[in-house]
Every structure is written in structure tokens, then in C-alpha cells.
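This is what each chain is made of:
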Amino acid sequence: MPKNGPMADAGRFREGLAARIARFDREGARRIADLAEEERQRVLTLFPLSGWEDLELDRYALGPDGRRNGLSFCRLMEYGTDHFGSIRGGSAAKHIIYQHRSDQWRVVPSALRGLEVEAAWARVRSEFVTAFEAAGKGAYERLDDLESLSYGQALTTKALAVYFPGEFLPVFSAAHVRHFTALLGGKPRAHSSGVRTWRANRELLQLLREYEEFRGWSPHEVTAFLYAFHDPRPQDRVIWKIAPGERASLWDDCLRNHRIRIAWDEVGSLGQYESDQELKAALDRHWPHSTGGNLRLARQLLAFRDLERGDLIVANRGKSEVLAVGTVVGGYAYLSDAGSHRHTVGVDWDTSYAQSFDEPRHAWQQTLAKVPATLMREIRRGQGRRGTTQVLGPAVAVEVANEVVALEGSAPGKVVLLDDELPDDVRNVRDLLEHKGQVILQGPPGTGKTRLALNVALALAGRADLLEATPAERAAVLAELSAVPVNASGPEEDLAARLTMVTFHPSYGYEDFVEGFRPDTTADGAGLHLTMKKGVFLRVCAAAEKFPDQTFLIVVDEINRGDLPRVLGELITLLELDKRGSVSITLPTSGRQQTVPPNIRIIGTMNSADRSVSHIDSAIRRRFAFFDVPPDLDALDGEIEGLGLASLLEGLNERLDLHFGPDHLLGQAYLLSDDRPLATVEQLSHAFHHEIVPLVTDYCLGRPAMLRTVLGELVDEKTGRVVQTSPQDLPGMLAKVFVTNGAADEDGASVDSEWGEE
């Protein structure tokens, strides 16, 4: 059996190490190291070790205005030393003490919050001085006693690396340090281990010093090698479409200065916000009439703030034009001296991707929008369509190379998806299945839980090329996967399809799913004849044992509507992966010995608005992974008479969330037809009056006052019923209640005009 554990990880790292080193651009890493040393010397000049005992708070801390306090130590650490190593992203809380946008000082360590800010700063400064003195003497064990610094471990570790460069690696993310340590066979550290980042960093450095191959390398060269070949960041990171100003008015500046800029300047630096709710509150103050959209916008702005080196960005003009694809090379900064569009991220642009689409992408009306994998493939294939100059960023080059490799040797007309081109939700559910064996997809009605389950089925069957195919094409392949073989050898009850779908309900029982006595319709003679028969699950088990190289998937729709302890019975014991194929139980009805093959997977779907959700007991919950399926606004890339469907659903869901909670939202399926957004006022009128209103009415439990609170003036005050209007007038009425042209327009400018006004 293969060995598992730290030593095995170290063995995998050593395998092919010489070849990776031979391919590594060490010269480029040395150039980065030289720039990092220049940045380090700048810090030493402005903030020498000897000056820390008397360092004033204003010289240390971040302020709400990027320039108010000059170039403070924290600002230099976060925004002025990118080559040395990044700690960008996240809120300002990582700096331990900082000045909030309200001009109030925030003290993060709970033990210091009762003190005056200067007294709190004196404590924190004293711990920094103690840390530097301990590091200078090599007494690194003393660092763990400094409790205040534990609230800013990334900042503290970077400061130690600046002042003692040979004793720390330029890796300041705790997760990244854990990843590299495990890779080199070190002791794995859990998030809750209590080991501080600076100590874990030192342990990683000691591991690397044991490799003769890295002798003579600088810490920056070794770190660059680790990130080049063993990047801990997820490879399925979101690709964002970002508009550089209204009608791309800032594009020349962005291209020339290698950056992307967006507005919403009124909220100040995004680094001040610790949560999406805090940023939403700020957006609400400046754009109070944006009934729906500010929470989504807050999350998008924080995603913009947290873009990492190597992430991809698509720059656009309008809804149909791609200007370039860019690779993020520098983190977020707030340009307080810029006239507008002060939020910025450093980007290297590749204009060879410039192209125009045949049809508009309505979701691109907003400044920020996610780019689905299918659209990104279309953009890649359109590269060079205009014959523009290529300024290729490294991440783009890698993706294009991967695309070529993926397509070589594939069948004509068949799109072969790379693993990292699978939609995020499909890949995540597939990975959960491999880890747990069974997953329950939970979410509000209409979010596409069953569709996601079938998409995973296609991916497991190697037909991910059909994830975005027409409904007819998908149905044909799914029917093929669901077909029970007819010519296979063996009893009929031992046959099953690779994809089996069942729906649980209150009458569904153990006899249907596992085994039991069922009426024998083929028996001769009078009276009722009962025969022991295998249920759905045992039939799939028998087929899976015959074909161990195939994955058999059972999709249980509405899994929470069945009495799960009764339906599953003693088989609940065998669902855990470590018991698959090795532990058997005796079925009480037939007396046969039964195991569950390791190549069976189960996906259940569960409507979170259903009141029976709470009936799932803890034993069953423990054996299933749970995956949330929220409304997918990106699927509603359409508009009707100027009404954006995504904005409509977002505004409605914001009200439903406020009054009923997140389990009672509406999914995108209510505004889709044949997997495409509704396109006519007649379709919209039908969906609203005959699907959406009945469900919202059910949520309101028939209370007219609550219905009016949710649907506003769409409900008649006297009758308590939803007013009837012509389909042509409905988009305007819905926009007036649920949508405003507020904070989320294309260029991010402040627009509060009424519906229909210019």
C-alpha cells in the first residue's frame, strides 16, 4: 500500500525536483529579489530599528485617507513593498491598530480595547520592540509570548523578515506556510493548532535548508520557486470582467499605467471594511435608493480588493466588446489624490484578446461581473481576431498553453474541458463526492439544484462538454446514462444504469430503496403473491460490483421529504467511505451479507424553504457533505424592456431575505425558459403572476400586510391582492419597486435617476 503522511509528501516533492529547477527562471527570480532588497532598504531608511522605541502612532498606522498620515509603516508594509512579499487584501484589522474611516481609532486586541488609544499603542509598540530584540538575539521562542502581535501575524512576520531577512521566508500567509510545510514533509498544522505564523515560517525555512539543491539560493528565489511549481492558491479562481470607466473612458490610462480603476470613491479605501455588511452599510448611506444590489456590490468590491497576483481580468467596453485580458501583478490601492475612480489594482494587459461578440452580454452592463468558463473559452479562441499587439502576461500564457494541450488529439467538434475550466460548483461538488461519498445540495427553490446534480453526473461520465449544450443534447446524453443495460449477463435485478434518479416522498420506504417483499405481478393463481426484491440501492450496488472501474451515481431528488432513517435503515452505517467495500452487514429481511462498493456516489437535493428540512437527524447529517446552492444572478444575462432580470431578482430577494431569511429566496429558474433568460414581456408576466407571486404569498402565510411589505405598490392596499397590469407595463412597475439605476451602473458613477429618465 502507498505510504501516506509527511514523509510521503516530501518524497513527492523530491521527485522530479532537478527537472523543475532546470526549468525554473532563476534569473527572473533574482531580478525580483533585487527589487525586494531595494524595498527593504527603503523601510530601513524610513523606519530604522533604533527608532521603534519612540515611534509615534501616526507614523505607524493606516488612516482613512491614503495620504493623511504620510507614508506610515503599515502603509509601506501593505502597499509599498509588493516585491518583498504581499500582505494585501482583507481589512485593516491585520494592522492591530488603525484609524477607521469615521476618524475613530480601532484597537483589535480585545485586552487593549478598554485603554486610551495612545496607551494601547504603547503596549503594541513595546511588543514590536521586544520581538525585534528577541529576533536579534536568536531567541525566537520569546515571540510566542507577545499576545497583541498575534492579532497581526502576517504584518509581524513580514516586519521580522524585513529586519532579519536571512531568518524568515517572504511568505506571510498562514495558509500558504502550512501548504508548503506539508509539501516538504513537515509537521502538518491545523488552523486551530495555535502555532503562530512566524514560528511556522521559521520551521518551513529549516525544512528548505535541508535541501542541497537550494544551497546558495536567496529566500526570495526559493519562495519564487515554490510558488511557480506548487502554488497553494486555488486554480479555479474567479475571472472578473471590469469596465474601465463609462464607455471605457479610462482605458488609455489603465493600459498605459498597467492598472484597472473603478469608482465608488465615496466609501473610501476598501481596506477599512471588515465584512460585506459593513461595506453595504456604507453603500446604503451614499445610495439609499438602491433597493436591491448593494449587498452584491459590496461583495464584488471586496473581491476586487482581494484580487491576487496571477488572477485574470477582462476589460470591456459596453456589452459586446473585449478590450484586453489582463494578469494581476499588483494588489489593491486607494489613490486618494486621483480625481475619480480611486480604487485600483495593478494589471499587465494583453490587447491581442480584443474582439467583439455577435450578441450583447447584458450582465456586462455592470462594472464588475464574473466571466463564466464557457465565455472565457470563447474569448481565448477569439485571440488575435483584430491583429493587435500582444503584451502577454504570464498567467494568460499558461492558460492559452493549457487550452492548446487540451484540444490536441480531441475529436472534431468536441470541446474537451480542462479540469480547471469546469464550473466552480460542478468541480466543488465532484470533489466533495470524492472526499465524502455523498453530498446534499441545499438551497431555496429554483436555484438549479437538480440541474447541478445532473451536471456533476455529466462530468463524472466524461461528458462535461455538454454542460452548456442545448436542452435536447443534454437530455439525449442523460437518457443514455440513465438507461439500464438490457443484454448484460446476470439477473435483471442486478442491473442498473450509471445514473439512477429517484424522488423521496412520505410514502417512500425501505422496501423501495433497499429490499423488501413486493407484489409479484407475474405469479399465477389467485391471491396476493409476495416476492423478495432488491430495491434501487441494492441494484446499483450489484451493478457497481460488476463494473468497479465505472462510477455509479444515485441522484435523490427532494431527499428531505422522505423518512431517511426508515428509508436507509442499517445501510447508513456503510455509507462512510472508509467502510466501503470492507465492512458488511446482515440485512434483516433477506439475511444476505451486504457491502457498499467504493464506486457509488449519492447526491441529494433539498429545498431549504421546506419545513421538513429539520427532520434530518445528526447521524445522517454526519455522513453527508452539504453544499449550498444560492441564486445564480450571473445566469440571468438578459433584460426585458430595459429591466435587468438579475437586478429584478436581486431586489426581490433582498426583501425576502429581510423578512423571511436566506432560506426563503427565489432562484434564477423562475426567470429562465429552456435554460435561457426570459425574453418577452408575456413570458415575464406569466412567470411573475403564476409562479413568483404564489410562492411569495405562501411565504407570507396569506397575510396581505406582509405581502404588501414585500411587493410594495404591486399589492392593492384595499384588497390585499396583487394588481393586474398589462404585460407591457409590468417591466416598468417591477423596476420601480425592486430596481433603481443606483450604485451598480456600468461605470460605477452615482446615478439616482428615476426609471426611464436619462
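Residues numbered from 1 in each chain as written. Predicted model: local features only at pLDDT ≥ 70, side-chain atom pairs only at ≥ 80, totals over all residues. Heavy atoms only, no water.

> Quick one: what's the story with the overall build of the chain, residue by residue and with numbers?
Regarding its fold elements, the chain presents 26 helices and 22 strands. Counting every position in the chain, which comprises 758 residues, the buried fraction comes to 50%. Of the contacts formed within the chain by residues at least 6 apart in sequence, a portion of 69% connects residues at least 24 apart. Of the accessible surface of the chain, which amounts to about 34,400 Å², a share of 50% is contributed by carbon and sulfur atoms. (Helix = DSSP H or I, 4+ residues; strand = E, 2+ residues; numbered from the N terminus. Buried < 20%, exposed > 50% of the residue type's maximum accessible area, 1.4 Å probe, protein only. Contact = heavy atoms within 4.5 Å. Areas by Shrake-Rupley, 256 points an atom, 1.4 Å probe, with all protein chains shown as cover.)

> Before we move on, could you go through the packing of helix α8 (residues 174–183) against helix α9 (residues 197–209) and cite the residues and values that matter?
Where α8 contacts α9, the axes come no closer than 10 Å and their chain directions differ by 30°. Here α8 lies roughly parallel to α9, going by the angle between them. For the pair α8 and α9, the crossing hand works out as left-handed. Residues Ala174, Val177, Phe180 and Thr181 of α8 form the contact with α9, whose participating residues are Thr197, Ala200, Asn201, Leu204 and Leu207. (Axes fitted to C-alpha atoms, helices over the stretch in contact; angles between N-to-C directions. Parallel < 35°, antiparallel > 145°, perpendicular 65-115°, else oblique. Left-handed = near helix turned anticlockwise from the far one by under 90°.)

> Explain helix α3 (residues 26–46) to me, using residue names and the numbers behind them.
A rise of 1.5 Å per residue sets the reference length of α3, with its 21 residues, at 30 Å; its end C-alpha atoms lie 30 Å apart and thus fit the reference within 8%. Those residues of α3 lying buried are Gly28, Ala29, Ala33, Ala36, Glu39, Arg40 and Val43. In a view along the axis of α3, the buried residues occupy a sector of 135°, so they form one face of it. Exposed and oriented more than 90 degrees from the buried face of α3 are Glu38 and Thr45. Where α3 is buried, its residues meet α5 (73–79), α7 (153–163) and α10 (219–229). (Expected span 1.5 Å × (residues − 1). Arc of directions from axis to C-beta.)

> Can you lay out the pattern of salt bridges for me, pointing to particular residues and giving the numbers?
All chains considered together, the criterion is met by 30 salt bridges. Note that Glu27 and Arg30 form a salt bridge whose closest N and O atoms lie 3.7 Å from each other. In this pair, Glu27 and Arg30 are both assigned in helix α3, three residues apart and thus about one turn of the helix distant. A residue is classified by how much of its surface remains accessible, and Arg30, at 35% relative accessible area, is partly exposed. When salt bridges that share partners are traced, they join Arg26, Glu27, Arg30 and Glu221 into one network. (Salt bridge = Lys/Arg side-chain N within 4 Å of Asp/Glu carboxyl O.)

> So what's going on with the environment of Leu432? Which residues, and what values?
The residue Leu432 is located in helix α16 (residues 424–436) in this model. For the pair formed by Leu432 and Phe627, sequence separation is 195 residues and the distance between their alpha carbons is 8.6 Å. Discounting chain neighbours no more than four positions away, the residues touching Leu432 are Gly437, Val439, Ala625 and Phe627.

> How would you explain the confidence of the model for the chain if you had to name every residue and give the values?
For the chain, mean pLDDT is 83; residues scoring 70 or higher make up 86% of the total. Note on residues 388–416: pLDDT is under 50 here. Beyond four places in sequence and across chains, it has 43 contacts. In this model residues 746–758 is a low-confidence stretch, pLDDT under 50, and it forms 33 contacts with partners more than four residues away in sequence or in other chains. (pLDDT = per-residue confidence, 0-100.)

> Any chance you could break down the nonpolar core for me, citing the residues and the numbers?
Residues Trp52, Tyr60, Phe73 and Phe304 are the most contacted members of the largest nonpolar core, which totals 82 residues. Among the elements that take part in this core, helix α6 (residues 117–136) stands out by supplying nine residues, more than any other. The residues touching Phe304, leaving out its near neighbours within four places in the chain, are Ile242, Ile260, Ile262, Leu270, Tyr332, His343, Thr344, Val345 and Leu368. Within the second largest apolar cluster, 39 residues are counted, among which are Leu649, Leu656, Val693 and Val739. (Core = buried A, V, L, I, M, F, W, Y, C linked by side-chain atoms within 4.5 Å.)

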